[in-house]
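Listed below are the residues making up each chain.
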Amino acid sequence: MSTSMYGTAQAAASEIVQRIAKGEWTSSEVLEAYIARSAIAQAKVNFLYEDARKQAKELDAEFASTKTLRGPFYGVPVSVKDNYQIEGYDATIGFTAWANNPGKKDACVVAQLRAAGAIIFVKTNVPQTMLAFECSNPLWGRTTNPWNNKYTCGGSSGGEGALLAMDGSASGIGSDIGGSLRIPASYCGVYSLKPTAERVSSIGTQAVRPGFEVIRSSHGSLTRTVNCSAKLSLAKKDSSHQNVPMPYHAVELPSKLRFGYYLSDGMMESSPACKRAVLETVSALRKQGHECIEFTSPLNTSAMEVFLGLASSNGYKKMDAEDSLFLVTLGPRLPSFVRKLACWIAKTFLGDSLFPRFFSLAREKSVLEFTDFTDQRNKVAATWYEQISVWDKYGFDGIIAPVQSLPVIPHGGVTYLSVLAAATITYNIIDSPVGTIPVTRVNPDTDNLSTDFVVGASGRSKMFETRMYLGKNPVYDPKAMEGIPVGVQLVGKKWEDEKVLAMMHVVDAALGPRGFGPGSWEPIKTVSI
């Protein structure tokens, strides 16, 4: 890869458009740079190179003739999560049975990107079923963390996170039903925006359980900078009139913002690295004159119970294929008395009252139980705004929160630590727009566990915290994780997607240069796996 091509791949999406408009670059030149870079990244992608080259030549010819840009993404190479239908290409989401069945029509979001001038050139890897926050399947294999291949890149939009971190794409799109945009963004050190679910169309996306809409999937962007990619998808209606007719509108923020923040989700103690990411964000905002108030988020456990109750309602009949979901799918496979016995043992002998609450919900439900859990979902969302009144009581503009209790997990970690997703799942149940911003990296000099740490304190899960922090091989190891990115969630009120995007700019500017963005990737550790 030539020096000039490498420089092109380090340009942000906005710079690419500007340079094409000035005649300094062509769409074909930019595409070739990203094709070369994506091949270097090797993030398990499905290449669409020839069709992309054809589209780039058409754009170059169009610009040569008209001297005008078709849209805000003119000539920008964009990667797409595998679950989005693209005409002429498979959307397998890791199932071999779905291979060799090319899509007949572009997904709505893909069509919008093309209309804006974007060049769709790769599809990226996902975990089978897309419910795990790792990235591995029998068809495409495993995608690893770009900073240390001992660890996962996250999921389910993990292929997107890894490719973007390595400058293999200028911008990307993915989906989120429990953290699938936010987790890989944090693990890989990129940005994401999970919009309110019905702001962006899901028409043309592949799903394991079509019709499961009690927890709506959100469709948003992953990017290397805080840029305009989210504006595009928020601005358009789909042909089926599925999403809310609420076009993108710019917002003007007050000069002084008020943020709430918390350091732990109340179920598992956050690691020192994840706490530090929140505190550094808070400190940076305060230095800029913004107000930050610590508070306790009271609904995370209830939101997780609702999610588990609804997600397991059919007994996970289509989820058995994914090894990483073993613990999640175990409950419905056990006889009722065995499940109850396991819960009793965990509470009585292991001193964990939280695990039984979750595990007891992992069972097949009757229609009546299903509607009861749906009602609980609505009550959790209403409580967030009405009874607890977090927003009105404190006057928050946004909330800063950890993405997870751990900065990253090793391959296979979801098998026994799937509950870590509770920190992101809360905002799927409440249906809040959430941005993810990379803040710092794991540092063994500052991020060691305190010597006075006690597992299971204050009602937290003793079983999960023991696996996370104690024993001969605890999952949290700041020395082994050195250099892994750590991000934060920036949460807004439902429908205030534009405000969240604007606040992301404020937070990013407050944090200042910190080694993220185009051109920042350098492999820190590579180990045999």
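Everything in this summary refers to the structure shown in the same document.

The rules behind these values
- Residues numbered from 1 in each chain as written.
- Predicted model: local features only at pLDDT ≥ 70, side-chain atom pairs only at ≥ 80, totals over all residues.
- Heavy atoms only, no water.
- Helix = DSSP H or I, 4+ residues; strand = E, 2+ residues; numbered from the N terminus.
- Buried < 20%, exposed > 50% of the residue type's maximum accessible area, 1.4 Å probe, protein only.
- Arc of directions from axis to C-beta.
- Contact = heavy atoms within 4.5 Å.
- Core = buried A, V, L, I, M, F, W, Y, C linked by side-chain atoms within 4.5 Å.
- Axes fitted to C-alpha atoms, helices over the stretch in contact; angles between N-to-C directions.
- Parallel < 35°, antiparallel > 145°, perpendicular 65-115°, else oblique.
- Nonpolar A, V, L, I, M, F, W, Y, C, P; charged D, E, K, R; others polar.
- Phe/Tyr/Trp six-rings, centres within 6.5 Å; stacked < 30°, edge-to-face > 60°.
- Polar contact = N/O pair within 3.5 Å; in protein donor to acceptor, adjacent residues only side chain to side chain.
- Expected span 1.5 Å × (residues − 1).

Remarks on the environment of Thr144
Then, number 1: Looking at where Thr144 falls in the secondary structure, it is placed in the loop between strand 5 (141-142) and helix 6 (158-165).
Then, number 2: Judged by relative accessible area, Thr144 falls into the partly exposed class, the value being 25%.
Then, number 3: With 91 residues separating them along the chain, Thr144 and Arg53 place their C-alpha atoms 28 Å apart.

Thoughts on helix 11 (residues 326-333)
Then, number 1: Along helix 11, the residues that are buried comprise Val328, Thr329 and Gly331. All buried residues of helix 11 fall inside an arc of 140° around its axis, so they share one side.
Then, number 2: Elements that come into contact with the buried residues of helix 11 comprise helix 12 (336-348) and helix 13 (354-359).

With respect to the nonpolar core
Then, number 1: Within the largest apolar cluster, 148 residues are counted, with the highest numbers of intra-cluster contacts made by Ile16, Phe259, Ile399, Leu406 and Met504.
Then, number 2: Beyond its immediate stretch of four places on either side in the chain, Ile16 contacts Ala11, Trp25, Val30, Tyr34, Gly75, Val76, Pro77 and Ala170.
Then, number 3: Formed by five residues, the second largest nonpolar core is a distinct cluster that contains Ile93, Phe95, Val126 and Met130.

Some words on unusual backbone geometry
If a residue is not glycine, its phi is most likely negative; likewise, a peptide bond is most likely trans.
Then, number 1: Between Gly155 and Ser156 the backbone carries a cis peptide bond, its omega angle lying at 10°.
Then, number 2: By the secondary structure assignment, Ser156 is in the loop between strand 5 and helix 6.
Then, number 3: A positive phi angle, near 55°, is found at Lys67, a position not held by glycine.
Then, number 4: Relative to the elements of secondary structure, Lys67 occurs in the loop between helix 4 (49-66) and strand 2 (77-81).
Then, number 5: Judged by its relative accessible area of 58%, Lys67 is exposed.
Then, number 6: Phi is positive for Trp495, close to 80°, though the residue is something other than glycine.
Then, number 7: Topologically, Trp495 is positioned in the loop between strand 13 (485-491) and helix 19 (497-511).
Then, number 8: We classify Trp495 as partly exposed; its relative accessible area is 29%.

Re the packing of helix 9 (residues 272-287) against helix 19
Then, number 1: Across the interface, helix 9 lies against helix 19 with an axial gap of 8 Å and an inter-helix angle of 90°. For the element pair helix 9 / helix 19, the angle class is roughly perpendicular. Residues Glu280, Thr281, Ala284 and Leu285 of helix 9 form the contact with helix 19, whose own contacting residues are Val506, Val507, Ala510 and Leu511.
Then, number 2: The residue makeup of the contact of helix 9 with helix 19, split by class, is six nonpolar, one polar and one charged.

As for the packing of aromatic side chains
Then, number 1: In total, this model carries 13 aromatic pairs according to the counting rule given.
Then, number 2: Aromatic pair Tyr394 and Phe396: ring centres 4.9 Å apart, planes at 5°, arrangement stacked.
Then, number 3: Clustering of aromatic rings is evident, with ring pairs tying together Tyr262, Phe295, Tyr394 and Phe396.

A few points about the side chain of Arg224
Then, number 1: Mapped onto the elements, Arg224 comes out in the loop between strand 8 (218-223) and helix 8 (229-235).
Then, number 2: A distance of 2.8 Å separates the side chain of Arg224 from the backbone oxygen of Ala9, its partner in a polar contact.
Then, number 3: Reaching out from Arg224, the side chain makes a polar contact with the side chain of Asp167 at a distance of 2.8 Å.
Then, number 4: In contact with Arg224, other than residues within four places in its own chain, are Ala9, Gln10, Ala11, Ala12, Tyr34, Leu164, Asp167, Ser169, Ala170, Tyr191, Gly517 and Pro518.

Re the side chain of Arg182
Then, number 1: As for its placement among the helices and strands, Arg182 is situated in helix 7 (residues 182-188).
Then, number 2: Classification of Arg182 by relative accessible area gives buried; the value is 0%.
Then, number 3: Within polar-contact distance, the side chain of Arg182 engages the side chain of Asn428 at 2.6 Å.
Then, number 4: Ignoring anything within four residues of it in the chain, the contact list for Arg182 reads Asp176, Ser192, Lys194, Val403, Thr424, Tyr427, Asn428, Val434, Thr436 and Gln489.

Looking at helix 9
Think of an α-helix as turning once every 3.6 residues; residues three or four places apart then point the same way.
Then, number 1: Taking 1.5 Å of rise per residue, the 16 residues of helix 9 would be expected to cover 22 Å, and the 22 Å separating its terminal C-alpha atoms lies within 8% of that figure.
Then, number 2: Turning to helix 9, its buried residues number three or more, namely Pro272, Ala273, Cys274, Arg276, Ala277, Val278, Thr281, Val282, Ala284 and Leu285.
Then, number 3: Residues of helix 9 that are buried in the fold lie against strand 9 (258-261), strand 10 (291-294), strand 11 (398-402), strand 12 (434-441), strand 13 and helix 19.
Then, number 4: Positive phi appears at Gly289, one or two residues downstream of helix 9, with a value of about 95°.

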